[in-house]
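Each chain, letter by letter, is given below.
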Amino acid sequence: MKSFNHTLRVNNVPNDVRSLLYHIARGVKYINFSLRAGNTGEANTSNCSGEDQLKLDVLSDKIIMNELEGSELCALLASEEQDDLVRFPAPRGKFVVAYDPLDGSSLVDANLTIGSIFGIWEGDELVGKKGREMVAAAYAIYGPRVELIVAVKGKGVMVFEMNDVGEFMLTKKDLKLRENSKYFAPGNLRATAINKKYLKLINDYIAEKRTLRYSGGMVPDLHHILQKGEGIFTYPGCEKHPNGKLRLAFECAPFAFIFAEAGGKATTADGQEILDIEITEPHQRTTIFIGSTGEIDRAVEALR
Ligand code: P6P
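Now for a look at the structure at hand. Being a predicted model, the structure only gives us computed values, none of them experimental. (Residues numbered from 1 in each chain as written. Predicted model: local features only at pLDDT ≥ 70, side-chain atom pairs only at ≥ 80, totals over all residues. Heavy atoms only, no water.)

## Points about the site of the ligand
Around the ligand sit 14 residues in total, of which D103, Y214, M218, Y235 and K245 are the nearest. A distance of 2.5 Å is found between an oxygen atom of the ligand and a side-chain nitrogen or oxygen belonging to D103. The separation between an oxygen atom of the ligand and a polar side-chain atom of Y235 is 2.6 Å. Those elements that place two or more of their residues in the shell around the ligand are strand 13 (232-235) and strand 14 (246-247). A per-class count over the shell around the ligand returns five nonpolar, four polar and five charged. Here the shell around the ligand spans two domains, since at least three of its residues come from each of domain 1 (4-173) and domain 2 (183-303). (Near = heavy atom within 4 Å. Polar contact = N/O pair within 3.5 Å; in protein donor to acceptor, adjacent residues only side chain to side chain. Helix = DSSP H or I, 4+ residues; strand = E, 2+ residues; numbered from the N terminus. Nonpolar A, V, L, I, M, F, W, Y, C, P; charged D, E, K, R; others polar. Domains from an automatic or database assignment.)

If you want it as structure tokens, here you go:
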């Protein structure tokens, strides 16, 4: 199997993007270590989205922040765990990184799989950017095996698995999504209480004997779709979260970029391409339907 740096180099990933991804991979290795050894207790703090933080949330954020600062390649960082953006003084790097250092940490006490999500743009501002302008995106999944999935603009989706000495080795490349699917991952089912079109779509999936795969963790739920090559993840809005619960910059735009590189699609519940939504506020939320293209078009039509 090919090493992380070698694979990115032979795929002509620009040196500075490769170096930034290397720092992200190293941060993922340290987060994995802290997950297996760390204290899963509460930090007795909450983030600006009002979510209780675990000590692991705060530690994971520090690990990624240290790695990205140490790379000397970043002008601006946006973390889901921090209210404000972090700007580095000139001579600045040339990248903006938006990241969720530990997504799904509410699942840690149940020992379910969680992950980290990264979106990378060129420049020194996040506000005004769109997902389509990303140069790369990645996510890590801390399951029975630790995997780092990387998509670089125009170069497809690569899967790396961390070996027993902490190196990330290529295991799959050019992941592709088929048009339609037998899997569905129905998020925010509470919305079916008022959204009868969503209720009908879910009941239609059930009537078609589709297989439900939903853990409550965005990273494993979307990773399942990419690995199986088919599926749809739906997270519409509801009274409590009219614009949905998931964050555009830290979660939805990076995954939309990765899925687009795999030939899939990601839209809002009313059909707007996630990659075309301008970031106006770092913590803004969006509804999201993401997965096999044919499934997304059907789901958007069903809710129209
Ligand atoms: P629900 C985890 O808290 C998260 O932010 C995503 O990882 C996940 O897809 C979603 O929330 C789950 O939301 O409403 O099913 O708990």
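## Remarks on the sheet that holds strand 8 (residues 146-152)
Each strand in a sheet pairs with another by means of backbone hydrogen bonds, the pair being arranged parallel or else antiparallel. The mixed open sheet is built from eight strands, whose spatial order is 4-3-5-6-7-8-9-10. Strand pairing shows two members of the sheet lacking a second neighbour, strand 4 (86-87) and strand 10 (168-173), which therefore form its edges. Pairing analysis gives seven bridges linking strand 7 (residues 136-142) to strand 8, with the strands arranged antiparallel. Paired with Y139 across the strands is I149, a residue of strand 8. (Pairing = 2+ DSSP bridges.)

## Observations concerning helix 7 (residues 293-303)
Three- or four-residue spacings in an α-helix give side chains the same orientation, since the helix completes a turn every 3.6 residues. Among all positions in helix 7, only T293, G294, E295, I296, A299, V300 and L303 are buried. At its buried positions, helix 7 is contacted by helix 4 (196-207), strand 13, strand 15 (265-267) and strand 17 (288-291). (Buried < 20%, exposed > 50% of the residue type's maximum accessible area, 1.4 Å probe, protein only. Contact = heavy atoms within 4.5 Å.)

## Some remarks on the packing of aromatic side chains
Counted according to the given criterion, the structure contains seven aromatic pairs. Taking the centre distance of 6.1 Å and the plane angle of 20° together, the rings of Y214 and F233 count as stacked. Note that Y214 is positioned in the loop between strand 12 (211-212) and helix 5 (218-228) and F233 in strand 13, a separation of 19 residues in sequence. Note on Y214: relative accessible area 33%, which makes it partly exposed. By the ring-pair criterion, three or more aromatic residues cluster together here, those being F4, F160 and F168. (Phe/Tyr/Trp six-rings, centres within 6.5 Å; stacked < 30°, edge-to-face > 60°.)

## Re the pattern of salt bridges
Taken as a whole and judged by the stated rule, the model has 17 salt bridges. For R145, the salt bridge identified is with E161, shortest N-O distance 3.4 Å. On the criterion of sequence distance, the pair formed by R145 in the loop between strand 7 and strand 8 and E161 in strand 9 (residues 157-162) is long-range, its members being 16 residues apart. Take R145: its relative accessible area is 44%, and that puts it in the partly exposed class. The exposure class of E161 is partly exposed, given its relative accessible area of 26%. Salt-bridge contacts for K265 lead to D297; the nearest nitrogen and oxygen are separated by 2.6 Å. Here the residue K265 occupies a position in strand 15, and D297 occupies one in helix 7, the gap between them amounting to 32 residues. Sharing partners across several salt bridges, the network here consists of E208, R210, E295 and R298. (Salt bridge = Lys/Arg side-chain N within 4 Å of Asp/Glu carboxyl O.)

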